[in-house]
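Listed below, chain by chain, are the residues.
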Amino acid sequence: MKVLVPVKRAVDYNVKIRVKADESGVELNNVKMSMNPFDEIAIEEATKLKEAGKVTEIIAVTIGPDKAQETLRTAMAIGADRGILVATDAPTDIGGVEPLAIAKALKAIVEKESPDFIIMGKQSIDDDSNQTGQMLSALLGWSQGTFASDLELGDGVATVTREIDGGLETIEIKLPAVITTDLRLNEPRYASLPNIMKAKKKPLDIMKPEELGVDFTPRLSVIKVVEPPVRQGGGKVANVDELIEKLKNEAKVL
Amino acid sequence: MSILIIAEHDHKSIKPVTLNIVTAARKLDTDVHVLVAGTDCTSAAEEAAKIHGVTKILKCDAPELSHRLAENMAPVIVGLADGYTHILAPSTTFGKNVMPRVAALLDTQQISDISAIHDADTFERPIYAGNAIATVKSSDAKKIITVRGTAFDPTKADGGNSPIEDITASGDAGLSTFVKQELSKSDRPELTAAKIVVSGGRGVGSGEDFDLIEKLADKLGAAVGASRAAVDAGYVPNDYQVGQTGKVVAPELYIAIGISGAIQHLAGMKGSKYIVAINKDEEAPIFNVADYGLVGDLFDIVPELIEKL
């Protein structure tokens, strides 16, 4: 089986982000960028399935700036066989390429590559939309297995255990399907140095959005981006008695 | 034009988060309809009809909606879309699963997890795990929106008397089937709806010692939460997790025990009305957001708290 793994270059999850002074967005200059953590889980899962003999080819695809080639190289160092970059200078966090446009671009790639299924992160940790996988599934008319914490590939079907509010749900979906990953699905490996070297030689195609016939014009315009209101904390109590007294008489929550 | 809300329910009754979504919808228009789509969902529809501020209930009762799978739910909602300017669902795992499918079928760019409404086109939403708030204006003719329930006060569950209209389902898409569900069995309130949440972090030390957190929660009638560190360490299941990648809570009282206060965790709880932090490290960042910080060993403090409450 052939699997397509969409990945995204996003701000590293350890970075404490800063809002731009002109309130137009979030400062990304000179900020560490990495592969979106949920996408790493997707690449890891695809790689494990290839190692188990269930998948024959893994194609990583990203939509983003030239530098997103690094993200594809990371995916190839973990296990992808080749990469596709749809190059755009538009922002990919907010005010630029939006989930619907990404889903349309991915659909065009699916039509060229005919994968048996797609596995991708449930959301990216920049715009936090949690939409692209579901949208892609809808545009293709495929089934969807979102927020997966377990995945079993069968004959023409996949069994997906999903993280839902209050517990877990297991569904069986027909292939082809779009599967989106949750944190518990696996723990991504660190790419070994030999694999990082090998990844540099793997094929990487670059294409333009126009070649896919997709319009990247945003539907949402950004009015402003601001810091959240600062919480006035730092209050201390000396002991349990004082805590109970304050909760009862000052906060009145007990 | 009217607003359509996709109700969160378990076929028998309406989930409380639906009441918060009604408040959000009424900021847009006073004609607010609620879709109750499920199987044998008459009692849920009747409960929805009593919600204050709602004008009509649409009931779609069909066997293929028994587990409200996205592939079967989305066509029902798309079929109703013509009559509405805005379609709202809570940003629960159900809403997050279904609504983008609806949006794509309507060629609309969804606005996820809104926390405030400026006007019919303009909304606030947290991005970067709540470390920035974006105000965005949609140019789509129809708005498909998921709503952060805790950002809006609940409307009253009674006082309304809406007519219930039956609508026909779209049939089984034949793409997916339900296999099983394992829900955590608990008498405690749901994490995202609780008035008080007691959460434990890595400082609790083990799954066994997490009993202490649960005892305090039971004493207070509270829900139990955890930091990602505690979940990753295997003390508690994933659905306990409060934070950027878990649940966002905003109770009246949040008690953080043995939690250092990583950005990841703060993103999920700093909307709480009052925050109590109990931690032995007085430099822990959790104290910067706490109204009442208590520095000390949780294994001394929590038993004393349980005894004296």
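Residues numbered from 1 in each chain as written. Chains lettered and ligands numbered in written order. Predicted model: local features only at pLDDT ≥ 70, side-chain atom pairs only at ≥ 80, totals over all residues. Heavy atoms only, no water.

1. Here we look at the overall build of chain A
Keep this limit in mind: Helix numbers and strand numbers start at the N terminus; a helix is a DSSP run of H or I with at least 4 residues, a strand a run of E with at least 2. Remark: exposure states derive from per-residue accessible area (1.4 Å probe, protein chains only) relative to the maximum for the residue type, with buried under 20%, exposed over 50%, and partly exposed in between. It only takes one pair of heavy atoms within 4.5 Å for two residues to be counted as in contact. Accessibility throughout is a Shrake-Rupley quantity obtained with a 1.4 Å probe, and a residue counts as covered only by protein chains that appear here. Two residue types count as positive, namely Lys and Arg, and two as negative, namely Asp and Glu; His and chain ends fall outside the count. Here the site of a charge means atom NZ of a Lys, CZ of an Arg, CG of an Asp or CD of a Glu.
Helix and strand counts for chain A come out as seven helices and 12 strands. Evaluated residue by residue, chain A yields a buried proportion of 57% over its 254 residues. A separation threshold of at least 6 residues defines the contact pool for chain A, and within that pool the share at least 24 residues apart is 70%. If you sum the accessible surface of chain A, you get close to 10,900 Å²; carbon and sulfur atoms cover 48% of it. Looking at chain A, you have 33 positive and 40 negative side-chain charges, and the mean spots of the two groups are 2 Å apart.

2. Let's talk about helix H9 (residues 298-308) of chain B
Working note: α-helix, 3.6 residues per turn, so residues spaced by three or four point in the same direction. Cut-off, in case you're wondering: To obtain the arc, one takes the directions from the helix axis to the C-beta atoms. N or O atoms closer than or at 3.5 Å make up a polar contact, with two conditions inside protein: a donor-capable atom paired with an acceptor-capable one, and, for residues adjacent in sequence, both atoms drawn from side chains.
Turning to H9 of chain B, its buried residues number three or more, namely Leu298, Ile301, Val302, Leu305 and Ile306 of chain B. Seen from one end, H9 of chain B has its buried residues packed into an arc of 130 degrees, which puts them on one side. Away from the buried face of H9 of chain B by more than 90 degrees, exposed residues Asp300 and Glu307 of chain B are located. For H9 of chain B, the secondary structure elements touched by its buried residues are helix H7 (240-249) of chain A together with helix H5 (210-220), strand S14 (253-257), strand S15 (274-279) and strand S16 (292-295) of chain B. The distance from a side-chain oxygen at the start of H9 of chain B to the backbone nitrogen of phenylalanine 299 of chain B is 2.8 Å, and the residue carrying that oxygen is aspartate 297 of chain B.

3. Regarding the sheet that holds strand S9 (residues 143-147) of chain B
All names here are of chain B. Quick reminder of the rule: For two strands to pair, DSSP has to find at least two bridges joining them. Note on geometry: axes are C-alpha line fits, over the in-contact stretch for helices, and angles between N-to-C directions span 0 to 180 degrees.
The strand order across the open sheet built from seven strands is S5-S9-S4-S1-S2-S3-S10, with neighbouring strands paired in parallel fashion. This sheet does not close on itself; its edge strands, each paired only once, are strand S5 (111-114) and strand S10 (164-166). Within the sheet, the average angular offset between the axes of one strand and its neighbour, ignoring direction, is 25 degrees. Looking at chain direction, strand S1 (residues 2-6) and strand S2 (residues 32-38) are connected through four bridges and run parallel. Each bridged residue has a counterpart across the sheet, and for isoleucine 3 the counterpart in S2 is valine 32. The sheet strands contacting helix H3 (residues 70-80) are S1, S2, strand S3 (56-61) and strand S4 (84-90), and the helix crosses S2 at an angle near 150 degrees.

4. Some thoughts on empty space enclosed by the protein
Formally: As defined here, a cavity is a set of points on a 1 Å grid over the protein atoms alone where a 1.4 Å probe fits but cannot get out. A pocket is an open set with protein on both sides within 12 Å along at least five of seven lines, and residues line them when an atom is within 4 Å of a point. Grid points are joined across faces, edges and corners, and a volume is the space filled by probe spheres set on the points. Ten residues, namely Ala, Val, Leu, Ile, Met, Phe, Trp, Tyr, Cys and Pro, are considered nonpolar, four, namely Asp, Glu, Lys and Arg, are considered charged, and the remaining ones, Gly among them, are considered polar.
Inspection of every chain in the model, using the stated rule, returns three cavities of 30 Å³ or more. In this structure, the largest cavity occupies an estimated 350 Å³ of space. Those elements that place two or more of their residues in the lining of the largest cavity are strand S1 (2-7), strand S4 (57-64), helix H3 (99-113), strand S6 (117-121) and helix H4 (132-140) of chain A. The class makeup of the residues in the lining of the largest cavity is nine nonpolar, 11 polar and six charged. Of the voids in this model, the second largest cavity is the one considered here, and its volume is about 150 Å³. Along its surface, the second largest cavity is lined by 18 residues, and Ile94, Glu98, Asp127 and Leu220 of chain A together with Arg125 of chain B are the ones closest to its centre. Every element with two or more residues in the lining of the second largest cavity is listed here: strand S12 (220-226) of chain A together with S5 of chain B. Residue composition of the lining of the second largest cavity, by class: seven nonpolar, seven polar and four charged.

5. Digging into a nonpolar patch on the surface
Stated formally: Like-charged residues are merged into a patch within 9 Å and nonpolar side chains (Val, Leu, Ile, Met, Phe, Trp, Tyr) within 5 Å, provided each residue has over 30% relative accessible area and no salt bridge. We define a salt bridge as a side-chain nitrogen of Lys or Arg found within 4 Å of a carboxyl oxygen belonging to Asp or Glu.
On the surface, Leu193, Ile196 and Met197 of chain A cluster together into a nonpolar patch covering about 290 Å² of accessible area. Inspection of the secondary structure assignment puts leucine 193 of chain A in helix H5 (residues 193-199).

6. Describing the nonpolar core
Heads up, the condition is: Note on terminology: a nonpolar core comprises buried Ala, Val, Leu, Ile, Met, Phe, Trp, Tyr and Cys residues joined through side-chain atoms within 4.5 Å.
If you look at the biggest cluster of nonpolar residues, it comprises 54 residues, and the most contacted ones within it are Ile118 of chain A together with Ile6, Leu35 and Ile87 of chain B. Among all residues touching isoleucine 118 of chain A, those that are not within four sequence positions of it are Leu4, Pro6, Val110, Leu136, Leu140, Trp142, Ala177, Val178 and Ile179 of chain A. Within the second largest apolar cluster, 42 residues are counted, among which are Val22, Leu88, Ile117 and Val147 of chain B.

7. Some words on the interface of chain A and chain B
Filter applied, for reference: For any pair of parts, buried area is found by adding up, for both, the accessible area (1.4 Å probe) each one loses once the two are put together.
Taken together, the contact between chain A and chain B spans 76 residues of the former and 83 residues of the latter. Buried area between chain A and chain B, both sides added, is near 6,700 Å², and the carbon and sulfur share of it is 55%. On the surface where chain A and chain B come into contact, there are five salt bridges. A salt bridge links aspartate 241 of chain A to lysine 308 of chain B, with the shortest nitrogen-to-oxygen separation between them at 3.0 Å. Taken together, the connections running from chain A to chain B amount to 46 residue pairs in polar contact (both at pLDDT 80 or more). Every element with two or more residues in the side of chain A that touches chain B is listed here: H3, H4, strand S7 (143-153), strand S8 (157-164), strand S9 (167-174), S12 and H7 of chain A.

8. A short note on the pattern of salt bridges
Counted according to the given criterion, the structure contains 27 salt bridges over all chains. Put simply, glutamate 304 of chain B and lysine 308 of chain B hold a salt bridge, and the shortest N to O gap is 2.7 Å. You can see glutamate 304 of chain B and its partner lysine 308 of chain B sitting in helix H9, four residues apart, about one turn around the helix. Under the relative-accessibility criterion, lysine 308 of chain B is labelled partly exposed at 35%. In the salt-bridge network here, residues are joined through shared partners; they are Lys2, Glu57, Arg82 and Glu113 of chain A.

9. Focus: H3 of chain B
Burial analysis of H3 of chain B places eight of its 11 residues in the buried class, which makes it a mostly covered element. Looking only at H3 of chain B, the buried set comprises Ala70, Glu71, Asn72, Met73, Ala74, Val76, Ile77 and Leu80 of chain B.

10. Quick notes on the sheet that holds S14 of chain B
Working definition: the strands of a sheet are paired by backbone hydrogen bonds and lie parallel or antiparallel to each other. All names here are of chain B. Strand order in this open sheet of five strands is S13-S12-S14-S15-S16, and the pairing throughout is parallel. Of all the strands in the sheet, the pair left with one neighbour each is strand S13 (223-226) and S16. Mean inter-strand twist for the sheet, computed between neighbouring axes without regard to direction, equals 15 degrees. Pairing geometry for strand S12 (residues 196-200) and S13, over four bridges, is parallel. Looking at the pairing, glycine 200 lines up with alanine 226 of S13.

11. What about the side chain of lysine 142 of chain B?
Residues and elements named next belong to chain B. Tracing the backbone through its elements, the reader meets lysine 142 in the loop between strand S8 (132-138) and S9. As a buried residue without a salt bridge, lysine 142 has its nearest oppositely charged side chain in aspartate 82, at a separation of 4.9 Å. At 2.7 Å, the side chain of lysine 142 forms a polar contact with the backbone oxygen of alanine 81. Only 2.7 Å separates the side chain of lysine 142 from the backbone oxygen of tyrosine 84, close enough to count as a polar contact.

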